[in-house]
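This is what each chain is made of:
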Amino acid sequence: MTVIEVRNLAKRYGDQVAVRDVSFTVDAGEIFGIVGPNGAGKTTTVESVSGMRIPDSGTIRVLGLDPRRDRAELRRHIGIQLQESQLPDRLKVWEALDLYSSFYAQPADWRRLMADLGLTEKRNTVFGKLSGGQKQRLSVALALVGNPEIAVLDELTTGLDPQARRDTWELIRGVRDRGVTVVLVTHSLEEAERLCDRIAVIDAGRIVALDTPAALVANAVVPGVARPTLEDAVLALTNPLAR
Amino acid sequence: MNALRKLTVIESKLFLREPIGAFFGVAFPAVLVLVLGSAIPGFTDPSEDNGGRRPIDIYLPIVLALAIATVTMVTLLGVLSAYREKGVLRRLSTTPVSPMALLAAQLIVNVGALLIGSGLACVGAVVAFDVAAPENVGGLVVAFVLGSAAMCAVALLIAAVTPSARASSGLGTLVYFPMMFAAGVWTPGPIMPDAVRRVADFTPLGAASQAMQDAWAGSWPRPLHLVVMGGLTAAFGALAARSFRWE
């Protein structure tokens, strides 16, 4: 079953083209990765899907809803973790979770989520005193606290140490196993390879490849590299010099 | 409603955790009255400049105007623009709760602080210096509410038109001091020159201050001041609503 359908999405800011022409579908229960260089249009794409941006053209359906017209309804079914979005410095971890869970009709158990993300020890710490990784984990927890059908996670593990990264991956798999569809924007191709069922490679506002991680590697043509990795494959697709 | 209640509780806690903001919002007006009354020579003696009244009697409604200006131009404006700059509003806009609810919670908290602070100032003045209670309480409440609304609208408009928290607080300060001048902080009551008063009548805080002084003395606020406050509330409020950005 398709839960997200994007057709011919285009968006520009002034004369800067962010997304030129992007189309893809995401199936229920998959972890769908979006990778590509900085400025390729990844964030604009997911922000349009979540109804945070108004596209210039193209159609988007999420759970059968139009993210623009049915924005309010969509908010109940989608959890979004944004880049560079903070909380008040003096807000405590448990207060943030308790507050955000009050926004939803059927929220997840925030105490359990707090434990799953290893934040229980920090429950009384204020946001301003958390480390980068702890802020990130709280941000993921807030995206999941509403028991969403779809979770959109932008730069999920940026700033996390290796152990925290792996713990977060495990958590995301667990979330998916509960039936949540995950859209993951990432710079880490290791993360994409480990987690994603399918990956869309975006470059200069277009999708240049969309496949399983294994197929992307298998189809990679990288001169001078005998056994290319996913990173080699993606760089070959997005680096104009290598093409 | 549950979300708005929770937001209001949380924003109140955050307000109190910011010691400087809490001081200026709640304690400052009372402290000012006590310092003025006990430290400035002659402040509690009848003066011929004021038609035989004591400066402290004239000054109390002006302190209330000052409290309105401080809470709106410093506390409310500071929090709103910081929330936008840090992405707090943006994050909220990803949930089913509108950032409008946070705005409402902020208004509730700040107006609450303003009421408590003003109440403390009045009680302090009555107890410490035997200032007479306002003769027209209804008129005073009307003037206070309309003046607060007009200044809230100014704060929202400044938050709406400035690109960053720094710019907001800069513009807020630029508005804050002339507003206090218009309210008569430096030229209270009869001391204010007529020309200044005629201009001040058309500013939100000048109108509020005059209207509160009138009500304190027993008459009703003049229609001019009510119209100025109501009109500015509507005009600035509408402009702010049109131009406010959540991110």
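In the block above lies the structure referred to throughout.
Note that the coordinates shown come from a computational prediction; the quantities given were computed from them, not determined experimentally.

## With respect to the layout of surface pockets
Residue and element names in this part refer to chain B. For the largest pocket, the calculated volume is near 500 Å³. Forming the walls of the largest pocket are 19 residues, and the residues nearest its centre are E18, G78, V79, A82 and Y83. Put simply, the parts of the chain that give the lining of the largest pocket at least two residues each are helix 1 (2-17), helix 2 (19-39) and helix 3 (55-85). Within the lining of the largest pocket, the residues separate by chemical class into 9 nonpolar, 4 polar and 6 charged. Volume-wise, the second largest pocket comes out at about 300 Å³.

## Things to note about helix 3 of chain B
Think of an α-helix as turning once every 3.6 residues; residues three or four places apart then point the same way. Residue and element names in this part refer to chain B. An ideal rise of 1.5 Å per residue puts 45 Å on 31 residues; helix 3 measures up with 43 Å between its terminal C-alpha atoms. Bending of helix 3 peaks at approximately 30 degrees at the position of L77. Counting buried positions over the 31 residues of helix 3 gives 26, a clear majority of the element. Directly after helix 3, the chain includes G87, whose backbone phi takes a positive value near 85 degrees.

## A short note on empty space enclosed by the protein
To find leftover empty space, one rolls a probe the size of a water molecule over the atoms. The final tally for this structure, using the stated rule, is 2 cavities of 30 Å³ or more. Put simply, the largest cavity is a space of about 80 Å³. As for the largest cavity, its lining consists of L87, P88, L91, L99 and Y100 of chain A together with L7, I10, E11, L14, V88, L92 and L102 of chain B. Across the lining of the largest cavity, the residue classes tally to 11 nonpolar, no polar and 1 charged. Looking at the second largest cavity, its volume works out to about 50 Å³. Contributions of two or more residues to the lining of the second largest cavity are made by strand 5 (78-81) and helix 5 (132-144) of chain A. It is strand 5 of chain A that contributes the most residues to the lining of the second largest cavity, 3 residues altogether.

## Let's talk about the pattern of salt bridges
What the rule picks out here adds up to 20 salt bridges over all chains. Linking E30 of chain A and R198 of chain A is a salt bridge whose minimum nitrogen-to-oxygen distance equals 2.8 Å. Highlighted residues: E30 of chain A in the loop between strand 2 (16-27) and strand 3 (31-35) and R198 of chain A in strand 8 (residues 198-203), separated in sequence by 168 residues. Since its relative accessible area comes to 8%, E30 of chain A is described here as buried. A salt bridge links R90 of chain B to E47 of chain A; its shortest N-O distance comes to 2.5 Å. One end of the pair, R90 of chain B, is in helix 4 (residues 88-92); the other, E47 of chain A, is in helix 1 (residues 42-49), on a second chain. A relative accessible area of 11% means that R90 of chain B is categorised as buried. Among the charged side chains, a salt-bridge network with shared partners connects R165, R166, E190 and R194 of chain A.

What counts and what doesn't
Residues numbered from 1 in each chain as written. Chains lettered and ligands numbered in written order. Predicted model: local features only at pLDDT ≥ 70, side-chain atom pairs only at ≥ 80, totals over all residues. Heavy atoms only, no water. 1 Å grid on protein atoms, 1.4 Å probe; cavity = no way out; pocket = protein on both sides within 12 Å on 5 of 7 lines; lining within 4 Å. Points joined across faces, edges and corners; volume = space filled by probe spheres on them. Helix = DSSP H or I, 4+ residues; strand = E, 2+ residues; numbered from the N terminus. Nonpolar A, V, L, I, M, F, W, Y, C, P; charged D, E, K, R; others polar. Expected span 1.5 Å × (residues − 1). Bend = angle between axes of the 7 residues up to and from the residue. Buried < 20%, exposed > 50% of the residue type's maximum accessible area, 1.4 Å probe, protein only. Salt bridge = Lys/Arg side-chain N within 4 Å of Asp/Glu carboxyl O.

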